[in-house]
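# Examining the three-dimensional arrangement
Here is what each chain is made of, one letter per residue.
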Amino acid sequence: MSTKVAVYPGTFDPITYGHIDIITRASKIFDEVIVAVAHNKAKGALFSVEERKAMITDSVKEIKNVSVDDFDGLVVDYVKKSGSNVMVRGLRMISDFEYEFQMALTNRKLAGEIETIFMMPHEGYSYVSSKLIKETAGLGADLKNFIPRKVEEALKVKVGKKR
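Notes on the structure follow.

About the thresholds
Residues numbered from 1 in each chain as written. Predicted model: local features only at pLDDT ≥ 70, side-chain atom pairs only at ≥ 80, totals over all residues. Heavy atoms only, no water. Helix = DSSP H or I, 4+ residues; strand = E, 2+ residues; numbered from the N terminus. Rg over C-alpha atoms; globule rule 2.2 N^0.38 Å. Buried < 20%, exposed > 50% of the residue type's maximum accessible area, 1.4 Å probe, protein only. Areas by Shrake-Rupley, 256 points an atom, 1.4 Å probe, with all protein chains shown as cover. Lys, Arg positive; Asp, Glu negative; His and termini not counted. Charge placed at Lys NZ, Arg CZ, Asp CG, Glu CD. Axes fitted to C-alpha atoms, helices over the stretch in contact; angles between N-to-C directions. Parallel < 35°, antiparallel > 145°, perpendicular 65-115°, else oblique. Contact = heavy atoms within 4.5 Å. Nonpolar A, V, L, I, M, F, W, Y, C, P; charged D, E, K, R; others polar. Salt bridge = Lys/Arg side-chain N within 4 Å of Asp/Glu carboxyl O. Expected span 1.5 Å × (residues − 1). Polar contact = N/O pair within 3.5 Å; in protein donor to acceptor, adjacent residues only side chain to side chain.

## Some remarks on the overall build of the chain
Broken down by element type, the chain carries six helices and five strands. Going residue by residue from the N terminus, the α and β elements of the chain occur as β-α-β-α-β-α-β-α-β-α-α. Here the C-alpha atoms of the chain give a radius of gyration of 15 Å, agreeing with the 15 Å that 2.2 N^0.38 yields for 163 residues. Counting only C-alpha atoms, the chain reaches 50 × 35 × 30 Å along its principal axes. Counting every position in the chain, which comprises 163 residues, the buried fraction comes to 42%. Accessible surface for the chain amounts to roughly 9100 Å². Of this, 55% is attributable to carbon and sulfur atoms. One way to put it: in the chain the 25 positive side-chain charges average out to a point 3 Å from where the 22 negative ones average out.

Here it is in structure tokens:
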């Protein structure tokens, strides 16, 4: 029997409980889940790739079949290189759907053998985005309901709102 590997790509700047929910649920479906941190310089990440990888690794350390890696370039190339043919993507709200659908169709044209699986986070996290978290951190908000404590501490240092 072959091992079924799924790749969950994203910027994860920073990782949220919504991301962790998707990772946890995907880990119950697939034999192995690779959380793949995109370099994506165009998005202007607050955290470096290494910082994001460290935060994710710490946040999912209890999930034994999850690993963390990074990639630069086309996600479909990374998925192939990882030995997978499945990409997991999260959909929070209807507003995510149009972009994600467009990306999935583009990826299908680039690499038709790769399937995109959409997963919705628990409804309690459906409105949480990394962008929103960064904005509220900059205003000094308590973020314990949205991100792990260590991630919140790192974020507050980055945005200069350490309590």
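## Focus: the packing of helix α2 (residues 49-59) against helix α6 (residues 149-159)
Contact pair α2 / α6: the axes reach a minimum separation of 10 Å and the direction vectors enclose 155°. Put simply, α2 runs roughly antiparallel to α6. Contact residues: E51, M55, D58 and S59 in α2; K150, V151, A154 and K158 in α6. Along the lines of polarity and charge, the residues of the contact of α2 with α6 split into three nonpolar, one polar and four charged.

## Notes on the environment of V7
Here V7 shows up in strand β1 (residues 5-10). Judged by its relative accessible area of 0%, V7 falls in the buried class. A C-alpha to C-alpha distance of 12 Å links V7 and I22, two positions 15 residues apart in sequence. Excluding residues within four positions of it along the chain, V7 makes contact with I34, A36, Y78, V79, S82, S84, V86, M87 and V88.

## Digging into the pattern of salt bridges
By the definition in use, this model includes eleven salt bridges. R25 is the salt-bridge partner of D21, the closest N and O atoms lying 3.2 Å from each other. Of this pair, D21 and R25 both sit in helix α1 (residues 17-29), four residues apart, which is roughly one turn of that helix. Across the pair E152 and K156 runs a salt bridge whose closest N-O atoms are separated by 3.3 Å. Separated by four residues within a single helix, E152 and K156 lie in helix α6, roughly one turn from each other. We classify E152 as buried; its relative accessible area is 4%. Connected through salt bridges with shared partners, the residues D58, K61 and K150 form a single ionic network.

## A few points about α1
Along its 13 residues, α1 runs 19 Å from first to last C-alpha, staying within 8% of the 18 Å computed at 1.5 Å per residue. Of the positions making up α1, those classed as buried are G18, H19, I20, D21, I22, I23, A26 and S27. The opening residue of α1, the one whose side-chain oxygen lies 3.2 Å from the backbone nitrogen of G18, is T16.

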